[in-house]
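# Report on the structure
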Amino acid sequence: MPFWFYRPTRRWLGYGNAVAGGLMLAASGGLIVEGWAVGPAEVGGGVLLGALFITASRHWLNDHDQLVVAGLRGADARKAILLVGAMTVHSAAEGIGVGVSFGGGADLGIFISLAIAVHNIPEGLAISLVLVPRGVSALRAAGWSVFSSLPQPLLAVPAFAFVLAFRPVLPWGLGFAAGAMIWMVATELVPDAVRESGGRIPALATAVLSAGVMVLLQLFLKTS
């Protein structure tokens, strides 16, 4: 039976966090690799800024513990905001990447667009794996997944129209998105996965396995 038809135990919630964390780490690695070819220093600076962004956001959310998001409250609401926020930033960087890639020719632009479209499936799954087990309906979780990807088409068009202006920003954006997701996984998802799944080894093994699947998907897209 699909997991959204029943209320899972905290153990399964931990495994959901581990899978989501693995997918996000692999996606972050892909962003860093893409940005490194354009500007290694800029990517490094972006990663640092992304980590600082998540840290500052956590402090702000801790001071506003009465927030309600998609029916979630307290720690669950904070986690939902951080996750959707990190994925939205991630999508913004990808949107700029799509626009800039079309500036290098239609063939390159189409390839990058298709690759990102395929990546959106496990990225949307990562959001659902965190939201649905906490009581968010499957339909609402799908809506948040779509929302987190809206920056892609919104930024792809201006990035293509002003490709020379956006190109220097691209490695910063890719690094920022990667840093935000890595820090989110390291400070939120993995600790929760270890605590809720009942052990460090099963949680980390699940995260590594899901990351490996995502890496294989990325390699397949590059070689196909």
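Keep in mind it's a predicted model, so treat the numbers as computed, not measured. Sequence order as written defines the numbering, with residues in each chain counted from 1. Whole-chain, interface and lining totals are the exception, using all residues; otherwise, since this is a predicted model, local features are given only for residues with pLDDT of at least 70 and side-chain atom pairs are given and counted only at 80 or more. Side-chain metrics rest on all non-hydrogen atoms present in the structure, leaving aside hydrogens and water.

Attention now moves to the side chain of Ser148. In DSSP terms, a helix is any run of H or I states spanning at least four residues, a strand is any run of E spanning at least two, and both are numbered starting from the N terminus. Following the sequence through the fold, Ser148 ends up in helix H5 (residues 138–149). A polar contact is formed between the side chain of Ser148 and the backbone oxygen of Ser145, at a distance of 2.7 Å. Contacts were defined at the residue level, with two residues in contact if any of their heavy atoms lie within 4.5 Å. Other than its neighbours up to four places away in sequence, Ser148 contacts Val84, Met87, Thr88, Ser91 and Ile127. As used in this structure description, the phrase polar contact means that two N or O atoms lie within 3.5 Å; if the pair is within protein, one of them must be able to donate a hydrogen and the other to accept it, and residues adjacent in sequence are counted only when both atoms belong to side chains.

The next subject is the environment of Pro122. Looking at the secondary structure, you find Pro122 in helix H4 (residues 106–131). You can call Pro122 buried: its relative accessible area is 12%. Between the alpha carbons of Pro122 and Ala27 there is a distance of 9.3 Å; along the sequence they are 95 residues apart. Classification of residues uses two cut-offs on accessible area relative to the type maximum, computed with a 1.4 Å probe and protein chains only: under 20% is buried, over 50% is exposed, and between them is partly exposed.

Turning to the nonpolar core, a few remarks are in order. Across soluble globular proteins, nonpolar side chains have a tendency to be buried as a group. Note on terminology: a nonpolar core comprises buried Ala, Val, Leu, Ile, Met, Phe, Trp, Tyr and Cys residues joined through side-chain atoms within 4.5 Å. Core analysis: the largest hydrophobic core is formed by 39 residues, its most contacted members being Met24, Leu83, Leu131, Met181 and Leu189. Elements that contribute at least two residues to this core include exactly helix H1 (10–36), helix H2 (40–62), helix H3 (74–102), H4, helix H8 (170–197) and helix H9 (200–223). Those residues in contact with Leu83 that lie beyond four places of it in its chain are Met24, Ala126, Ile127, Val130 and Met184.

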